[in-house]
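# Topology and contacts: notes
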Amino acid sequence: MRLEIANFPVTDVIFGEKTSYQDGLLSINKDEALAIIREDEHITSADLVIARPGENKRIVPVKEAIEPRYKIADLPVFPGVTDRVATVGTGRTVALKGTAVLAVGEHWGSFGDGLIDMSGAGADYTYFSNLINICLVADTDEEFERLEQQKKNHALRWAAHQLAKYLGAVVKDLEPGIENLEVYELPPITKRTKEVNDLPSVVFVMQAQSQMEEMGYNDLVYGWDMNHFVPTLMHPNEILDGAIISGSFMPCSSKWSTYDFQNCPIIKGLYQEHGKTLNFLGIILSNLNVNLEQKQRSALFVAQIAQSLGADGAILAEEGYGNPDADFIECFVALEDAGVKTVGVTNECTGRDGRSQPLVTLDEKADAIVSCGNVSELIELPPMEVVIGELQSLTRDGLSGGWADDEKLGPSVKADGSIILENNSMFCGDQVLGWSPKTVKEF
Amino acid sequence: MVTKDSERILSEGGVEMKKAILYINQFFAGIGGEEQADHVPEIREGLVGPAILLNQLLDAEITHTIICGDNFIGSREAEAVEIILGFLAERKFDLFFAGPAFQAGRYGNACGVIGRAVQARFAVPAISSMNKENPGVEMFKKDIYIFPGGKSAAKMRDDMKKMAEFGNKLLKGEQTGFAENEGYYGRGIRHQVWLKNAKPAAERAIAMLLKKLHGEEFQTELPIPKIDQVPIADPLKDLSKATIALVTSGGIVPVDNPDRIQSASATRWGRYRISGLDKLGNRKQGKFKTIHAGYDPAAGDDDPNRVVPLDALRTYEKEGKIGKVHDYFYSTVGTGTTEAEAARMGREIVAYLHQAGVDAVVLTAT
């Protein structure tokens, strides 16, 4: 499978008469873009707002992030989601680099939504403060979940995917500079050279979010709910090319947005090492169901696939904490027992005082872990001049890291617009798919 | 009594000198060895023994030295703590030091007990030093700053220097780093950090995996605590002849809690006679209740047999299914209790069980 990602670096985004891209300047015809959003009759109100790195802006509640992309020639960008089901991971995909489309609630937040500060101390807590964010701020008629803590956020998320594709199409006829062309090619496992085969062979096991029994909240692979899934082998290019979209459930710092899947640093890192220090076999996609037997079944499948492939090593990453820690450790142990040397990547939940057991369950066989953050770290941030979305959502709507009131700390949102929250609500902040510059240390 | 150089105080702009207090045992106070280990707690103005060295190294004045016999605090802990907290009640101090205790177990215990109590009462950081073999490390490293120390007093200067240097950072209000960098034993407190020149997680994971694949040494970022596995005991040969004891960490005690077992982080346990009782009476009847702070007490107070199932065991006894119920049950509280304390209490209880010829135990939690 050979995938070309042609990147078009974006240095600024403005609104203009025509949606166009020239010399790094992305211009958006707002009316035309919003017309696409409004094709979904469930969107009752919508606006586009730009947030650039360094600006005094706070964005909340953020539900999803997507890199604007288009697939030559009009092939599915998000198969089984906004497009028909067809294989992704081959051919050419164009991308507007340095930008993300964000789905932002105009008023209403939910448990899995997060916060992004574009400058100041808060900017350190999320990767997305580094990007020029094209915020789709919208409201919907999804009355059944308006006051629910858990929301599917279907209309907003799907609209953001449509917008990402619309914007990506602006560069479909352009040829990138050679330095901006990424090529991902991995021959079939049995058709590799002796030199490559002699290197230690490695799989990347991705445990994507699937805890909700009701459909509509979990990550989707080719549009299929990850709860109704047993682990399978996938080509890394599929993940990089839109095969998986993010869900709407997990406490936000643990969540993997669609942008994270599209740009997964662990996959890119393994590609870089392929043929030099290791033989990258591919992805074993797994899940995080809550039922114990389902956890055990998934771990067995993962270990069996890794063993059948002859994997010497594995990197294992979980999209979540708490209940999913059981899947993480179960799978870690199953891989080690199958003779596959494993490194886990996860965040921790050690509590605000840092004294709690870091994972719900532990095992001595999990002897190699990269730790990406503590979800329950308390964070205080000053007010921002501009809020995109609605600040009150942090305190009102049951975001995982916010609260309405607290005996000692008061509400998450103060009268002057300053905030106190747990790291839990930093948008995709723990970056377990590989960006995380954070680790956890004992004090 | 040695005082700090007054010129230095002036050169710092007349700011009031910070103050600290040191705790040492009877031996380092020069009072005596084992024969003086019951020495009653006392407080002396100024510098006694190692306090002279600490006073030189620290950017604060050691105003007082507290001295206590290791046996005194070991056997009459609550009394010793009360006396010493009483000494300190009216005094102003910014830091509290204890030790160094080297490899001396009872001295380590004393430093930990008093350091923890002073820190909790006066919200002043407590700093100590112990050799890694000192049991005090495992018992108290989560409560106070303990620096790794030498085996004996030959290392006094080195050990005191580490304590003082860290104390100086705290006095200056400097941001202190994580345990590995500062040198003290980790306190079981884990927080996220941004390291200088940190590599992203993907690079760290791949580098760690390559090392693991090549059998090279690697450093996990989340050390898994060693689990002390206890093998499962052999089955009883004949249950109908066995004496069975009840032991619980569920905090069931007589309503007046005669042994003053703590509701959390317990260090004490009790044994209570149940011979002649068909079941445990409840709180309303003035008999038994739970003092465990880690779960809703309503059900346990209403029927303590749901935590300590004496009623069920009596039935088995009558039916001849088991030989006999042991005449006492044993109780402590499991919530927040350290493994080290739990293991010690377990060993102490087992001594009684062995003596009474108990064959098996029903161990209930909450």
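Residues numbered from 1 in each chain as written. Chains lettered and ligands numbered in written order. Predicted model: local features only at pLDDT ≥ 70, side-chain atom pairs only at ≥ 80, totals over all residues. Heavy atoms only, no water.

### Description of the overall build of chain A
Within chain A, the regular secondary structure consists of nine helices and 25 strands. Here chain A has a C-alpha radius of gyration of 21 Å; the compact-globule value for 443 residues is 22 Å, and the two agree. With the C-alpha coordinates of chain A rotated into their principal frame, the extents come out at 60 × 55 × 40 Å. For chain A, the residues scored as buried account for 65% of the 443 residues in total. Considering only residue pairs separated by 6 or more positions, chain A has 79% of its internal contacts joining residues 24 or more positions apart. Taken as a whole, chain A presents about 15,200 Å² of accessible surface, with 51% of it coming from carbon and sulfur. Taking the average location of the 36 positive side-chain charges in chain A and that of its 66 negative ones, the two points are 3 Å from each other. (Helix = DSSP H or I, 4+ residues; strand = E, 2+ residues; numbered from the N terminus. Rg over C-alpha atoms; globule rule 2.2 N^0.38 Å. Buried < 20%, exposed > 50% of the residue type's maximum accessible area, 1.4 Å probe, protein only. Contact = heavy atoms within 4.5 Å. Areas by Shrake-Rupley, 256 points an atom, 1.4 Å probe, with all protein chains shown as cover. Lys, Arg positive; Asp, Glu negative; His and termini not counted. Charge placed at Lys NZ, Arg CZ, Asp CG, Glu CD.)

### What about the overall build of chain B?
For chain B, the count of helices and strands is twelve helices and 13 strands. Counting only residues that meet the buried cut, chain B has 46% of its 366 residues in that class. Nonlocal contacts in chain B, meaning residues at least 24 apart in sequence, comprise 72% of its contacts between residues at least 6 apart. Computed over 47 positive and 48 negative side-chain charges, the inter-centroid distance for chain B is 2 Å.

### Looking at the interface of chain B and chain A
Often, the extent of an interface is quoted as the loss of accessible area on bringing the components together. Each side of the interface is counted separately: chain B has 39 residues, and chain A has 54 residues. Surface buried jointly by chain B and chain A totals about 4,100 Å² across both partners, of which 63% is contributed by carbon and sulfur atoms. Viewed at the interface, chain A and chain B are joined by four salt bridges. A salt bridge links lysine 212 of chain B to aspartate 367 of chain A; its shortest N-O distance comes to 2.7 Å. (Buried area = accessible area lost by both parts, 1.4 Å probe. Salt bridge = Lys/Arg side-chain N within 4 Å of Asp/Glu carboxyl O.)

### Overview of the nonpolar core
Counting residues in hydrophobic clusters, the biggest one holds 62 residues, and the most contacted among them are Tyr23, Leu58, Phe96 and Phe97 of chain B. Counting residues per element, this core draws most heavily on helix α5 (residues 105-122) of chain B, at seven residues. Grouped together as the second largest cluster of nonpolar side chains are 47 residues, Leu3, Ile5 and Phe280 of chain A together with Leu210 of chain B included. (Core = buried A, V, L, I, M, F, W, Y, C linked by side-chain atoms within 4.5 Å.)

### A short note on the environment of threonine 44 of chain A
Turning to its location among the elements, threonine 44 of chain A is positioned in strand β5 (residues 43-51). The sequence separation of threonine 44 of chain A and aspartate 312 of chain A amounts to 268 residues, and the corresponding C-alpha distance is 52 Å.

### Observations concerning the sheet that holds strand β14 (residues 220-221) of chain A
Residues and elements named next belong to chain A. On the basis of which strands lie adjacent, the open sheet formed by three strands has the order β15-β14-β17 and antiparallel pairing. Edge positions in the sheet fall to β15 (224-225) and β17 (244-245), since each of these pairs with one other strand and no more. For β14 and β15, the ladder comprises two bridges, and the chain directions are antiparallel. Bridge pairing in β15 links leucine 220 to aspartate 225. (Pairing = 2+ DSSP bridges.)

### Let's talk about the domain arrangement of chain B
Examined at the domain level, chain B breaks down into domain 1 (6-182) and domain 2 (239-364). When each unit is reduced to the centre of its C-alpha atoms, the spacing between domain 1 of chain B and domain 2 of chain B is 38 Å. (Domains from an automatic or database assignment.)

### Digging into empty space enclosed by the protein
Residues and elements named next belong to chain A. Enumeration over the complete set of coordinates arrives at two cavities of 30 Å³ or more. Taken together, 13 residues line the largest cavity, and the ones lying closest to its centre are Trp108, Asp139, Thr140, Glu142 and Arg146. By residue number, the principal contributor to the lining of the largest cavity is strand β11 (residues 132-140), which donates three residues. In terms of residue class, the lining of the largest cavity is built from three nonpolar, three polar and seven charged. Its volume calculated, the second largest cavity comes out at about 30 Å³. Forming the walls of the second largest cavity are Gln207, Ser286, Asn287, Lys295, Ser298, Ala299, Val302, Asp327 and Cys331. Broken down by secondary-structure element, the contributors of at least two residues to the lining of the second largest cavity are α7 (292-309) and α8 (323-337). Top contributing element to the lining of the second largest cavity by residue count: α7, with four residues. Its residues placed into classes, the lining of the second largest cavity shows three nonpolar, four polar and two charged. (1 Å grid on protein atoms, 1.4 Å probe; cavity = no way out; pocket = protein on both sides within 12 Å on 5 of 7 lines; lining within 4 Å. Points joined across faces, edges and corners; volume = space filled by probe spheres on them. Nonpolar A, V, L, I, M, F, W, Y, C, P; charged D, E, K, R; others polar.)

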